[in-house]
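A look at the structure
What follows is each chain in one-letter form.
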Amino acid sequence: MTQVTNTPYEALEVGQTASYSKTVEERDIQLFAAMSGDHNPVHLDAEFAAGTMFKERIAHGMFSGALISAAVACELPGPGTIYIGQQMSFQKPVKLGDTLTVRLEILEKLPKFRVRIATRVFNQRDELVVDGEAEILAPRKQQTVTLTSLPAISIG
């Protein structure tokens, strides 16, 4: 189990950064399709995807959105953060095997514990794949929590 300490509103500073990385695997695409109900063949069918502008299967756009959520919830500000809104624009496709890095940067501290955060996702070639910004409600007090271990999930 992993322990994580959040950064409360008072300790957040404009310009503060954090990152979170994950490699996109076949299992991720299958699980995301099952969880979201998005069975678009561009994500799941190599033959279909070959005939598209991408020429190969790509990850769901909102998979990158889910990684942004993980970065905000587990890295900066961390546990206790409440999402208010997220704006995203998809710049490049994400392909299986890409290693994505979410880079967060505190842009502005607003009244009532609200914070604007730049939420950008880059691939392993340092190409911007998702550009975005979130507004969150930051935790009021610092706390250390133990992240729950997830059960093993098999795809059959």
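Note that the structure is a prediction, hence the values are computed from the model and not measured.

Within the secondary structure, Asn6 sits in the loop between strand S1 (2-5) and strand S2 (17-23). For Asn6, a relative accessible area of 1% gives the class buried. Reaching out from Asn6, the side chain makes a polar contact with the backbone oxygen of Pro79 at a distance of 2.8 Å. Within the local environment of Asn6, its side chain forms a polar contact with the backbone oxygen of Lys141, the two atoms lying 3.4 Å apart. Ignoring anything within four residues of it in the chain, the contact list for Asn6 reads Pro77, Gly78, Pro79, Pro139, Lys141, Gln142 and Gln143.

Quick look at the pattern of salt bridges now. One pass over the full model with this rule turns up nine salt bridges. In this structure, the salt-bridge partner of Arg57 is Glu26, at a minimum N-O distance of 2.9 Å. Of the two residues, Arg57 is situated in the loop between helix H3 (46-50) and helix H4 (61-74) and Glu26 in helix H1 (residues 26-36); the sequence distance between them amounts to 31 residues. Overall, the relative accessible area of 15% leaves Arg57 in the buried class. For Glu26, a relative accessible area of 33% translates into the label partly exposed. With its nearest N and O atoms 2.6 Å apart, the salt bridge here joins Arg116 to Glu108. Note on Glu108: relative accessible area 31%, which makes it partly exposed.

With that settled, the discussion passes to the UniProt feature "domain: MaoC-like" (unreviewed entry) in the chain. The sites that carry the UniProt feature "domain: MaoC-like" (unreviewed entry) are, in the present numbering, residues 17-115. Between the C-alpha atoms that bound residues 17-115 there is a distance of 13 Å. The span itself is 34% helix and 29% strand.

Our focus in this paragraph is unusual backbone geometry. In this structure, Pro77 follows Leu76 across a cis peptide bond, with omega equal to 0°. Relative to the assigned elements, Pro77 resides in the loop between H4 and strand S3 (82-90). One non-glycine residue, Lys55, lies in the positive phi region at around 70°. Mapped onto the elements of the fold, Lys55 is located in the loop between H3 and H4. With a relative accessible area of 59%, Lys55 lands in the exposed category. The backbone phi angle of Phe113 is positive, close to 70°, even though this residue is not glycine. In this fold, Phe113 is placed in the loop between strand S4 (99-109) and strand S5 (114-122).

Conventions adopted
Residues numbered from 1 in each chain as written. Predicted model: local features only at pLDDT ≥ 70, side-chain atom pairs only at ≥ 80, totals over all residues. Heavy atoms only, no water. Helix = DSSP H or I, 4+ residues; strand = E, 2+ residues; numbered from the N terminus. Buried < 20%, exposed > 50% of the residue type's maximum accessible area, 1.4 Å probe, protein only. Polar contact = N/O pair within 3.5 Å; in protein donor to acceptor, adjacent residues only side chain to side chain. Contact = heavy atoms within 4.5 Å. Salt bridge = Lys/Arg side-chain N within 4 Å of Asp/Glu carboxyl O. UniProt positions renumbered as here; feature names shortened; annotations may be inferred.

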